[in-house]
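Observations on chain architecture
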Amino acid sequence: MAEIRVENLRKTFGDFVAVENSAFVVEDGEFLALLGPSGCGKTTTLRMIAGLELPTEGRILLDGEDVTFNRARDRDIAFVFQLFALYPHFNVRKNIGFPLLAQRVAKAEIKQRVEETARLLQIDHILNKSVSGLAGGDRQRVALGRAIVRRPKCFLMDEPLGTLDAEFRDVMVRELRELHNRIHATTVYVTHDQLEAMAMADKIAVMNQGLIEQFGTPSEVYNRPATMFVANFLGSPPMNFIPFEGGLEKGSGTVMVNGSAIDVPQLHEDLAPTSLSLGIRPEHIRFDDAAPLRGSVYGAEYLGTTQIVAVELGDDIIKARVASDRLVRIGETVGLTFEGPKLSLFEQGSGRAIRTALHEGASHG
Ligand code: ATP
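On a predicted model such as this, the values are computed, not experimentally measured, just so you know. (Residues numbered from 1 in each chain as written. Predicted model: local features only at pLDDT ≥ 70, side-chain atom pairs only at ≥ 80, totals over all residues. Heavy atoms only, no water.)

**Examining the packing of aromatic side chains**
Enumeration according to the criterion identifies seven aromatic pairs in this entry. Consider the rings of Phe31 and Tyr189, whose centres lie 5.6 Å apart with planes at 40°: the pair is tilted. Taken as a pair, Phe31 in strand 3 (residues 31-35) and Tyr189 in strand 8 (residues 186-191) lie far apart in primary sequence, 158 residues in all. For Phe31, a relative accessible area of 2% gives the class buried. In this structure Tyr189 comes out as buried when scored by relative accessible area, which is 0%. When the ring of Tyr87 is compared with that of Phe90, the centres are 5.6 Å apart and the planes differ by 50°; the resulting orientation is tilted. A relative accessible area of 28% places Phe90 in the partly exposed class. Through a chain of ring-to-ring contacts, the aromatic side chains of Tyr87, Phe90 and Phe98 assemble into a single cluster. Here Lys94 stacks its cationic end above the ring of Phe90, 5.7 Å away from the centre of that ring. (Phe/Tyr/Trp six-rings, centres within 6.5 Å; stacked < 30°, edge-to-face > 60°. Helix = DSSP H or I, 4+ residues; strand = E, 2+ residues; numbered from the N terminus. Buried < 20%, exposed > 50% of the residue type's maximum accessible area, 1.4 Å probe, protein only. Lys NZ or Arg CZ within 6 Å of the ring centre and 35° of its normal.)

Quick look at the structure:
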């Protein structure tokens, strides 16, 4: 397996910049998810790593070797597409073994590697079945088998679960992660689905309009988002933003939200008066009758064990995730507390998070 290093990658199509200043390292055996909305440059990044697209600028290194201008087939990388093409007239065994046949590997070795791969994917019982009658999950496993059997340096996957229905997707997310735990193959996985990325990846690169907004562990990007975009893209419902005016001083600070003082994390430097936003995730808001911060219930969405309650706070509406056994009435006044250590601060114009004492040693907070 291999380390993938991407240095200052840029890709333009005419005047359009699809990928800008992209730099990251996928360590040997690591699973990286490229996550972001449609059109943000995920697939273009992946295709450059695969050798299917030439970068306009920058370098790609595999295990330290510069492969930027190497052809795709000389990179020893396996690419798994969403719309994979299985050979419909072949059975599972032949579909999985086909890349080895093309490489002129000896028959006995093909048999052994196909069977080993099938056992790994738990499809050894269907090896002699025709692929045309297989269900979506098994077809996906066969496609994966065809990639794994080659023992490539790394795997690149572009929304491989995109066509599966929700139930199968959950199963395949688990299986893909378990498979990764077994074979430790360096993997880059493109998805627009935050839940898939969080469930599977060791690291996530959150992309927006060609740029990587944040690169970190799932916990870092979720708990310490570097930008409002990241805070908004991850989490359902996303983080609440509560704007306030005025500066903040180094050390402990307090901001006023709807007439109540809220303690915010310690700052490392003075912040001149500027437009700031407080960021708080719905699950970090508590209902507390004694709290001075008061709001009025605007609506509620029942989700089983929890409910999402929309609360009007002055001009803002924020969403709290609370236990569903707390009965709420529209228009009811509720007291709210924010879990201080979970608060974020953002500069509204740039969208950048302001570093606070909480960022130190908080990578898994
Ligand atoms: P999606 O999930 O929709 O595929 P993505 O994040 O993978 O989104 P890319 O496919 O990388 O996005 O595309 C990034 C941008 O580059 C898009 O606006 C797309 O239209 C543009 N683009 C991609 N390939 C080409 C091309 N060959 N010529 C012109 N524009 C392109």
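**Some words on the sheet that holds strand 6 (residues 77-80)**
Strand order across the open sheet formed by six strands is 6-7-8-3-9-10, with mixed pairing between neighbours. For this open sheet the edge positions go to strand 6 and strand 10 (211-216), each flanked by a neighbour on one side alone. Recorded for the sheet is a direction-independent mean angle of 15° between the axes of neighbouring strands. Alignment of strand 9 (residues 203-208) against strand 10, held across five bridges, turns out to be antiparallel. Pairing of Ala205 across the sheet is with Phe215, part of strand 10. Contacts from helix 1 (residues 42-50) reach strand 3, strand 6, strand 7 (154-158), strand 8 and strand 9 within the one sheet, and its direction differs from that of strand 7 by about 150°. (Pairing = 2+ DSSP bridges. Axes fitted to C-alpha atoms, helices over the stretch in contact; angles between N-to-C directions. Contact = heavy atoms within 4.5 Å.)

**Overview of the sheet that holds strand 15 (residues 285-287)**
Overall, antiparallel pairing links the five strands, which are arranged 15-19-16-17-18 in an open sheet. The open sheet terminates on both sides in strands that have one partner only, identified here as strand 15 and strand 18 (316-323). Across the sheet, the mean angle separating the axes of adjacent strands is 45° when strand polarity is ignored.

**Considering the site of the ligand**
Close contacts around the ligand come from Phe13, Phe16, Ala18, Pro37, Ser38, Gly39, Cys40, Gly41, Lys42, Thr43 and Thr44, and that covers them all. Gly41 is positioned such that a nitrogen or oxygen atom in its backbone is 3.0 Å from an oxygen atom of the ligand. Contact between the ligand and Lys42: an oxygen atom at 3.0 Å from a side-chain N or O atom of the residue. Summarising the interface, the protein chains cover 58% of the accessible area of the ligand, which totals 630 Å² for the free molecule. When residues of the shell around the ligand are traced back to their parent elements, those giving at least two are strand 2 (16-26) and helix 1. No other element matches helix 1, which puts three residues into the shell around the ligand. When the residues that make up the shell around the ligand are grouped by side-chain class, the tally is five nonpolar, five polar and one charged. (Near = heavy atom within 4 Å. Polar contact = N/O pair within 3.5 Å; in protein donor to acceptor, adjacent residues only side chain to side chain. Areas by Shrake-Rupley, 256 points an atom, 1.4 Å probe, with all protein chains shown as cover. Nonpolar A, V, L, I, M, F, W, Y, C, P; charged D, E, K, R; others polar.)

**Structural notes on the layout of surface pockets**
Taken as a whole, the largest pocket holds about 560 Å³ of empty space. Taken together, 22 residues make up the lining of the largest pocket; nearest its centre are Ile77, Ala78, Phe79, Pro99 and Arg150. The set of elements that each furnish at least two residues to the lining of the largest pocket consists of strand 6, helix 2 (92-102) and helix 4 (136-148). No other element matches strand 6, which puts four residues into the lining of the largest pocket. Each residue belonging to the lining of the largest pocket can be placed in one class, and the counts come to 16 nonpolar, one polar and five charged. (1 Å grid on protein atoms, 1.4 Å probe; cavity = no way out; pocket = protein on both sides within 12 Å on 5 of 7 lines; lining within 4 Å. Points joined across faces, edges and corners; volume = space filled by probe spheres on them.)

**Focus on unusual backbone geometry**
With an omega of -5°, the peptide bond between Ser236 and Pro237 qualifies as cis. Residue Arg104 is not a glycine yet carries a positive backbone phi of 60°. Tracing the backbone through its elements, the reader meets Arg104 in the loop between helix 2 and helix 3 (107-120). Judged by its relative accessible area of 76%, Arg104 is exposed. Look at Glu159: it is not a glycine, yet its phi comes out positive at around 45°. When you line up the elements, Glu159 lands in the loop between strand 7 and helix 5 (166-183). Of the residues examined, Glu159 reaches a relative accessible area of 13% and is grouped as buried.

**Remarks on helix 4**
Since the α-helix packs 3.6 residues into each turn, any two residues three or four apart lie on the same face. For helix 4, built from 13 residues, the straight-helix expectation of 18 Å at 1.5 Å per residue is met to within 8% by its first-to-last C-alpha distance of 18 Å. In terms of burial, helix 4 is a largely internal element, ten of the 13 residues being buried. Every buried residue of helix 4 is listed here: Gly137, Gln140, Arg141, Val142, Ala143, Leu144, Gly145, Arg146, Ala147 and Ile148. Taken together, the buried residues of helix 4 touch strand 6, helix 2, helix 3, strand 7 and helix 5. (Expected span 1.5 Å × (residues − 1).)

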